[in-house]
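Listed below are the residues making up each chain.
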Amino acid sequence: MEGIFCCSLDSPLYRTMNLLSNRILLSLSTIPNAREALNVAGITAATTVLAGLTAAGTGFIDPIQDFHPPRSSSMSSWIKPMSAFLFPSLVEELFWRGMLIPHPSMVVSSSGVNNVVHSILPQAGIVLIFHVLSHPLAGVTVWPRGKNVFWDSRFLLLATIVLGGATASYIGSGGSVWAAAFTHGVPVALWRDF
């Protein structure tokens, strides 16, 4: 029997594509409970404050000169900041966290959540490193106007903080890509659009 990708259902390609699509669907369908949502809010606040202090302390931004809030309360003035939650946040988080990090519910553990978290952490760390390092590559390929920013070591430090927070939110929320996108989106919207 042939699968959707024109390969047999027991082929490695089909099994890999099935695994990755299941991870994405699980991460999209996972909604944090109240305790997990509070954890995500705390992680997001800590990530945003740490990234802001680091950005100001390294001179990457000047909080006085660079602050430009929307000039009106109209809906159109908030569309660009809200778009940060779709791209880059949700799109990147679907790939980097949702697809590449095992969903906690897919990790077999005989002794509880702590083992699940510990079994995910090494892979999450590797994914984090590759995600941060993908930015300079994007600056010379798909987003050339961002090259100077994406190659700036201060930006890469900030990306490590923000994406590390997104990873913590993903794991701490039980595998919700929405939580990761929220933690990713808040500092990005503040930096990019204000």
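Note that the coordinates shown come from a computational prediction; the quantities given were computed from them, not determined experimentally. (Residues numbered from 1 in each chain as written. Predicted model: local features only at pLDDT ≥ 70, side-chain atom pairs only at ≥ 80, totals over all residues. Heavy atoms only, no water.)

1. A look at the overall build of the protein
Worth spelling out the cut-off: Secondary structure counts use DSSP, requiring at least four H or I residues in a row for a helix and at least two E residues in a row for a strand, with both numbered from the N terminus. Think of it in three bands: with a 1.4 Å probe and only protein chains considered, a residue is buried below 20% of the maximum accessible area for its type, exposed above 50%, and partly exposed in between. The contact criterion used throughout is that any non-hydrogen atoms of two residues lie within 4.5 Å. Areas reported as accessible are Shrake-Rupley estimates using a 1.4 Å probe. Residue values count occlusion only from the protein chains shown.
Looking only at helices and strands, the protein features eight helices and zero strands. Taken from the N to the C terminus, the helices and strands of the protein come in the order α-α-α-α-α-α-α-α. Within the protein, the proportion of its 194 residues that are buried is 39%. Sequence separation of 24 or more characterises 73% of the internal contacts of the protein that already satisfy a separation of 6 or more. When the accessible surface of the protein is summed, it comes to about 11100 Å², and 70% of that surface belongs to carbon and sulfur atoms.

2. Quick word on the packing of aromatic side chains
This is how it is decided: What counts as a ring pair is set by centres within 6.5 Å for rings of Phe, Tyr and Trp (its six-membered ring), and what kind of pair is set by the plane angle: stacked under 30 degrees, edge-to-face over 60, tilted for all other angles.
The final tally for this structure, using the stated rule, is six aromatic pairs. Plain terms: the ring middles of Phe60 and Phe155 are 6.3 Å apart, the flat faces sit at 45° to each other, and that makes the pair tilted. Linking Phe60 in the loop between α2 (34-57) and α3 (76-83) with Phe155 in helix α7 (residues 153-172), this pair joins segments that are 95 residues apart in sequence. Here the two residues Phe60 and Phe155 agree in accessibility, since each one is buried. Seen in terms of ring centroids, Phe95 and Trp96 are 4.9 Å apart; in terms of plane orientation they differ by 85°. Their pairing is edge-to-face. Overall, Phe95 belongs to the partly exposed group, its relative accessible area being 36%.

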